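Descriptive analysis of the structure
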Amino acid sequence: MSRAGVLFFRHVFESGDRKKIAKQPSDVSDLHIIRDIPYLNDNEQGHLLDIYSLKDAPDDAPVMINIHGGGLPASLIW
C-alpha cells in the first residue's frame, strides 16, 4: 500500500477513535488498574499490558486486559 493510502486509513481510524473516546466517561475511581506489566522479558515498551477490574468485585469477576503496542488495540475480557 502506498504511503498516501496508509495515511488515509490512519486518518479514518483515528478520527473514529477520537469520537468514541470523547463519549466515554473518564472517571475510573471505581476501577483497580495494574499498569505496564511486561508479557515478554525484552524491555520493549510495546510488550506491556494493563489489567482493569472493579475495586469491590468478587474474586471470580471478569477483568479487562489491554495489550499495548501494535497497529490496532487488542483488549481481552476474561
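Counting from 1, residues in each chain are numbered in the order their sequence is written. It should be noted that, the model being predicted, local features are given only for residues of pLDDT at least 70 and side-chain atom pairs only at 80 or more, the latter also being counted only at that level, while totals for whole chains, interfaces and linings use all residues. Computation of side-chain values: all heavy atoms of the structure, hydrogens and water removed.

Thoughts on the overall build of the chain
Each helix corresponds to a stretch of at least 4 residues labelled H or I by DSSP, and each strand to a stretch of at least 2 residues labelled E; elements are numbered beginning at the N terminus. For the chain, the helix and strand inventory stands at 1 helix and 4 strands. Reading the helices (α) and strands (β) of the chain from amino to carboxyl end gives α-β-β-β-β. Relative accessibility under 20% of the residue-type maximum defines a buried residue, over 50% an exposed one, and the middle range a partly exposed one, all with a 1.4 Å probe and only protein chains included. Expressed as a percentage of its 78 residues, the buried residues of the chain come to 9%. Shrake-Rupley sampling with a 1.4 Å probe provides the accessible areas, and residues are treated as covered by the protein chains on show and by no other component. Accessible surface, the chain as shown: approximately 6700 Å² in total, 59% of it carbon and sulfur.

Thoughts on a nonpolar patch on the surface
Put simply, a patch holds well-exposed residues, over 30% relative accessible area, that have no salt bridge, with like charges counted together within 9 Å and Val, Leu, Ile, Met, Phe, Trp or Tyr side chains within 5 Å. We define a salt bridge as a contact between a side-chain nitrogen of Lys or Arg and a carboxyl oxygen of Asp or Glu at a distance within 4 Å. Taken together, Phe 8, Phe 9, Val 12 and Phe 13 make up a surface patch of nonpolar side chains, about 400 Å² in accessible area. Structurally, Val 12 is set in helix H1 (residues 3–23).

So, the environment of Val 28
By the secondary structure assignment, Val 28 is in the loop between H1 and strand E1 (31–38). Here the alpha-carbon distance between Val 28 and Tyr 52, two residues 24 residues apart in the chain, equals 9.7 Å.

Some thoughts on H1
With 21 residues, H1 extends 31 Å between its outermost C-alpha atoms, agreeing within 8% with the 30 Å of an ideal straight helix rising 1.5 Å per residue. With 1 of 21 residues buried, H1 is to be regarded as a mostly surface element. The span you would expect from a helix comes to 1.5 Å times its residue count less one.

Section: the side chain of Asp 50
Structurally, Asp 50 is set in strand E2 (residues 48–54). Neither His nor the chain ends contribute to the count of charged residues, in which Lys and Arg are positive and Asp and Glu negative. We note that Asp 50 is buried and unpaired, the nearest opposite charge coming from Arg 35 at a distance of 4.2 Å. Here Asp 50 is in contact with Ile 34, Arg 35, Asp 36, Met 64, Ile 65, Asn 66 and His 68, once residues within four sequence places are set aside. The criterion used for residue contact is that any of the two residues' heavy atoms lie within 4.5 Å.

Observations regarding unusual backbone geometry
One non-glycine residue, Asp 36, lies in the positive phi region at around 55°. For Asp 36, the position within the fold is in strand E1.

A short note on the environment of Tyr 52
Mapped onto the elements, Tyr 52 comes out in strand E2. A sequence separation of 13 residues divides Tyr 52 from Ile 65, and the C-alpha atoms of the two residues are 6.4 Å apart. Not counting residues within four places of it along the chain, the set of residues in contact with Tyr 52 comprises Leu 31, His 32, Ile 33, Arg 35, Val 63, Met 64 and Asn 66.

Function cannot be read off these values alone, since they describe shape.
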